[in-house]
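Understanding the architecture of this molecule
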Amino acid sequence: MNENNNFLSKEDYEEPCCPLKMDINKTVMSIPVGRVLAKLDEHLSRNDYVSAENLLNYWHEEAKIGEDIRGELTILNEKVGIYRKTQKMEKCFSAINESLSLVQNSEFENTVTKGTTFLNCATGYCDFDRYDDALPLYRRAAEVFEKYLNKPDYRLGGLYNNTAVCLMNLKKYDESRELFQKALKIMPNLPNSEGEMATSYCNMADLEAAEKGMEGAEEKINEYLEKAEELLNTPSLPRDGDYAYICEKCAGTFGYYGFFMTERELLNRAREIYERN
């Protein structure tokens, strides 16, 4: 799954930037992270969160038994994403606390995984309106990503977009707008990024409404939603689980501002993809 869903990509768990420091005298029974994430994607492509959670619970225990710290952190990151999307607040906060404790291990110093963990935990807080708790974690994620990621990168664009949403809810409108624009500068340089760009434009419509009120922001809202709809209709954009999730996410925004036909169309697209998978 992509970074806007806040699940790890292959690059996160393989850690290309800075290899982990391993204790050669310690026997670690590593879990098969690649296969676990592939199976997780299968469940999520069908919107099957029950099976996804069961899968993660099983491999979380296996990682702990095998003392596979890196595998455990990967699973915890995925758990935060699952629990926030299924609105299981207590479980989400528990996974956040475990993740933040584990990532302090010296093995994760100067790694992209550390930044990804901060990003995922911050987004988990945001989904339950804990914006003051989220913002410092977004700042820490930015320090890591801007230092170690090659630009452009989906994860950096996703970070800017999610941080901008947090800032918007804290009424820091100018800083929020600046980060949305930074995200939109990154995404056109990446393949199949139209869905992420559409999400940014939907968020920017919310920003205008929050700052100026519905009437004062009407022109900008319409402009941004027209751009979002055009991007979501990009013929070359893969109609997969990621696309279905983005359609669901954007549909609510279109409906809120009175674009009911577009809302229904996007929800139908998502439903058809989940049923096909």
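This write-up is about the structure you can find in this document. Remember, predicted model here, so these are calculated numbers, not experimental data.

Turning next to helix α11 (residues 218–232). Along its 15 residues, α11 runs 21 Å from first to last C-alpha, staying within 8% of the 21 Å computed at 1.5 Å per residue. Within α11, the full set of buried residues consists of I221, Y224, L225, A228, L231 and L232. Within α11, the buried residues cover an arc of 120 degrees as seen down the axis, which keeps them to one side. In α11, the exposed positions angled more than 90 degrees off the buried face are occupied by E219, E226 and E230. The secondary structure elements touched by the buried residues of α11 are α10 (194–216), α12 (241–256) and α13 (260–276).

Once that is clear, we can look at the layout of surface pockets. As a volume, the largest pocket reaches approximately 530 Å³. Taken together, 25 residues form the lining of the largest pocket, with R84, D127, V165, N203 and K249 sitting closest to its centre. Where the lining of the largest pocket is concerned, the elements lending two or more residues are α4 (69–85), α6 (112–127), α7 (131–148), α8 (154–169), α10 and α12. In the lining of the largest pocket, the residues fall into eight nonpolar, 11 polar and six charged.

So, how was this worked out
Residues numbered from 1 in each chain as written. Predicted model: local features only at pLDDT ≥ 70, side-chain atom pairs only at ≥ 80, totals over all residues. Heavy atoms only, no water. Helix = DSSP H or I, 4+ residues; strand = E, 2+ residues; numbered from the N terminus. Expected span 1.5 Å × (residues − 1). Buried < 20%, exposed > 50% of the residue type's maximum accessible area, 1.4 Å probe, protein only. Arc of directions from axis to C-beta. Contact = heavy atoms within 4.5 Å. 1 Å grid on protein atoms, 1.4 Å probe; cavity = no way out; pocket = protein on both sides within 12 Å on 5 of 7 lines; lining within 4 Å. Points joined across faces, edges and corners; volume = space filled by probe spheres on them. Nonpolar A, V, L, I, M, F, W, Y, C, P; charged D, E, K, R; others polar.

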